[in-house]
Amino acid sequence: MESMGESRKHVGVLGLGRMGTALAGALLGAGHDVSVWNRSPLKAGPLLDRGAKLAATPAEAASADVVLSCLSTYDSQQPVLEAAGLSGRPLVNLTSGTPEQARTAAKWAASAGIDYVDGVIMAVPQQIGTPVAQVLYSGSEPTFAAQRDVLAVLGTPVFVGEDAGLAALYDLALLGIMWSTMAGYLQALALVGTEGVTPEQFTPMALAWHSAVAGLLPGIGEQVASGDYATDVSALDINAAGLAMLVETSRGQGVSTAVPAVLRELFDRAVAAGHGSHAIASVIEEIR
Ligand SMILES: NC(=O)c1ccc[n+]([C@@H]2O[C@H](COP(=O)([O-])OP(=O)(O)OC[C@H]3O[C@@H](n4cnc5c(N)ncnc54)[C@H](OP(=O)(O)O)[C@@H]3O)[C@@H](O)[C@H]2O)c1
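The protein chain appears in an unreviewed UniProt entry as 3-hydroxyisobutyrate dehydrogenase from Amycolatopsis tolypomycina. Looking at the Sequence similarities (unreviewed entry) heading of the UniProt record, one finds this comment for the protein chain: "Belongs to the HIBADH-related family."

This is how it looks when you write it as structure tokens:
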């Protein structure tokens, strides 16, 4: 991603799981000095071959211009951060968690004199170091700005706000879209699979359909923003009727109705609340 120029830094990386290893690798690739610490030091081998320094303790890795942390969970991370003695240094926490965990970590960091930025990685390790990897940040904006050069090496950095919990909130909201999409796709594969249709045959149609549906999202967002659910395209009641057919057909074909049944229940509630003639966007009134 970004070229080194004058901005070579010493970066400490705590945690060398799949993601931590990818982060440290991208930083080495961009020419930064990288010190790494992991509970199981053997995992550092390939990074050491590329010039990383192995730290014997979290504190040794944290003796750097900026520290990135990427462990499994906040619970496993906290003792490591406490051992790191980060006072006076910037910490970018890339471990996934809830907004509340991020806010608690930010409060702890403030009390320990640490400049704290929370980050969430919307990518898999193989995408790290490419612009496809969006990494969302929240917390201290000055700290984010000061470390932007290092963070831009990992992927495309996006600052979403000063509330440290915001990045985690975006993360879970975006993951919710991913899981719903995948569950819908798996439901579809199970359904057409009952008649011998293979994923290979079905997936091209699913992709075209998925992209058409994605094109509807900005319009739905505008309706949610305005609260004006008038539609001349497709009213909620015919979609609720379609969902009832999907549930009935899933049952008839002998596959689970769990995924469409949840949506059917939600759409039916919105119809019962008087949104039958409104656009699908009106379902948000029930979700809220
Ligand atoms: N992989 C992805 O695609 C992906 C994508 C986005 C976000 N993330 C997030 O990135 C974080 C790391 O994920 P990952 O895929 O790298 O996980 P991982 O491969 O399972 O690695 C977990 C890391 O946490 C360390 N760890 C776990 N428990 C520990 C403890 N009690 N004390 C000290 N270290 C401990 C492990 O150390 P050992 O090596 O010693 O076990 C390892 O460094 C997670 O929060 C994950 O949600 C991952």
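### Digging into the pairing of strand S4 (residues 66–69)
Neither face of S4 is left uncovered, since the one carrying Val66 and Leu68 and the one carrying Val67 and Ser69 both have all their residues buried. Relative to S4, strand S1 (residues 10–14) runs parallel, the two sharing four bridges. Bridging across to S4, Gly12 finds its partner in Val67. Direction of pairing for S4 relative to strand S5 (residues 90–93): parallel, over a ladder of three bridges. Of the residues in S5, the one forming a bridge with Leu68 is Val92. As for the winding sense of the linkage, the β-α-β connection from S4 through helix H4 (residues 74–84) to S5 is right-handed.

### Structural notes on the sheet that holds strand S3 (residues 53–54)
Ordered in space as S3-S2-S1-S4-S5-S6-S7-S8, the eight strands form an open sheet in which the pairing is mixed. Looking at the sheet topology across the chains shown, the edges are occupied by S3 and strand S8 (156–161). Running over the sheet, helix H6 (residues 141–154) touches S1, S4, S5, strand S6 (115–122), strand S7 (134–139) and S8 and is turned about 155° from S8.

### Regarding the layout of surface pockets
The space that makes up the largest pocket amounts to roughly 2200 Å³. Residue lining of the largest pocket: 46 residues in total, with Val213, Leu217, Leu263, Phe267 and Ile280 positioned closest to the centre. Elements supplying a minimum of two residues to the lining of the largest pocket: helix H7 (166–193), helix H8 (199–214), helix H9 (217–226), helix H10 (236–253), helix H11 (258–275) and helix H12 (284–287). The biggest single contributor to the lining of the largest pocket is H7, with eleven residues. Its residues assigned to classes, the lining of the largest pocket shows 31 nonpolar, 14 polar and one charged. Residue lining of the second largest pocket: 22 residues in total, with Gly17, Arg18, Cys70, Leu71 and Ser72 positioned closest to the centre. Of all elements in the fold, only helix H1 (18–29), H4 and S6 reach the threshold of two or more residues within the lining of the second largest pocket.

### Here's the deal with the nonpolar core
Counting 33 residues, the largest nonpolar core has Leu27, Val36, Leu68, Leu94 and Tyr137 as its most contacted members. Of all the secondary structure elements, the ones that give two or more residues to this core are S1, H1, strand S2 (33–37), S4, S6, S7 and H6. The biggest single contributor to this core is H1, with seven residues. Not counting the four nearest positions on each side in its chain, Leu94 is found in contact with Leu23, Leu68, Ser69, Cys70, Gly119, Val120, Ile121, Val135, Tyr137 and Leu154. Core analysis: the second largest hydrophobic core is formed by 20 residues, Ala62, Tyr74, Ala109 and Ile114 among them.

### Quick notes on the site of the ligand
Every one of the 19 residues lining the ligand counts as a neighbour, but Arg18, Asn38, Ser40, Lys43 and Ser96 are closest to it. Leu16 is positioned with one of its backbone polar atoms (N or O) 3.2 Å from an oxygen atom of the ligand. Between the ligand and Ser72 there is a distance of 3.0 Å, counted from an oxygen atom to a backbone nitrogen or oxygen. Considered on its own, the ligand offers 900 Å² of accessible surface; in the complex 75% of this is hidden by protein. Because more than half of its atoms lie within 2 Å of the grid, the ligand is assigned to the second largest pocket. Class assignment for the residues of the shell around the ligand results in eight nonpolar, eight polar and three charged.

### Remarks on the pairing of S2
Counted residue by residue, S2 has four buried out of five residues, so it is predominantly covered. Relative to S2, S1 runs parallel, the two sharing five bridges. Its bridge partner lying in S2, Val11 is registered against Val34. Of the crossover connections in this fold, the one passing from S1 over H1 to the parallel S2 is right-handed. When S2 meets S3, the two strands line up parallel, connected through two bridges.

### Structural notes on the side chain of Asn38
Looking at the element boundaries, Asn38 is found in the loop between S2 and helix H2 (45–49). Polar side-chain contacts of Asn38 include one of 2.8 Å to the backbone nitrogen of Leu16. Among the polar contacts made by the side chain of Asn38, one reaches the main-chain carbonyl oxygen of Ser40 at a distance of 3.0 Å. With residues near it in sequence (within four places) discarded, Asn38 still touches Gly15, Leu16, Gly17 and Lys43.

### Structural notes on the pattern of salt bridges
Applying the stated criterion across every chain yields a total of seven salt bridges. Here Asp149 ties to Lys9 by a salt bridge, and the two come within 3.1 Å at their closest N and O atoms. Of this pair, Asp149 sits in helix H6 while Lys9 sits in the segment before S1, and the two are 140 residues apart along the sequence. With its nearest N and O atoms 3.2 Å apart, the salt bridge here joins Glu100 to Arg103. Pair noted here: Glu100 and Arg103 are both in helix H5 (residues 99–111), with a separation of three residues, about one helical turn.

Conventions we followed
Residues numbered from 1 in each chain as written. Predicted model: local features only at pLDDT ≥ 70, side-chain atom pairs only at ≥ 80, totals over all residues. Heavy atoms only, no water. UniProt positions renumbered as here; feature names shortened; annotations may be inferred. Buried < 20%, exposed > 50% of the residue type's maximum accessible area, 1.4 Å probe, protein only. Helix = DSSP H or I, 4+ residues; strand = E, 2+ residues; numbered from the N terminus. Pairing = 2+ DSSP bridges. Right-handed = clockwise from strand over helix to strand, strands pointing away. Contact = heavy atoms within 4.5 Å. Axes fitted to C-alpha atoms, helices over the stretch in contact; angles between N-to-C directions. 1 Å grid on protein atoms, 1.4 Å probe; cavity = no way out; pocket = protein on both sides within 12 Å on 5 of 7 lines; lining within 4 Å. Points joined across faces, edges and corners; volume = space filled by probe spheres on them. Nonpolar A, V, L, I, M, F, W, Y, C, P; charged D, E, K, R; others polar. Core = buried A, V, L, I, M, F, W, Y, C linked by side-chain atoms within 4.5 Å. Near = heavy atom within 4 Å. Polar contact = N/O pair within 3.5 Å; in protein donor to acceptor, adjacent residues only side chain to side chain. Areas by Shrake-Rupley, 256 points an atom, 1.4 Å probe, with all protein chains shown as cover. Sits in = over half its atoms within 2 Å of the grid points. Salt bridge = Lys/Arg side-chain N within 4 Å of Asp/Glu carboxyl O.

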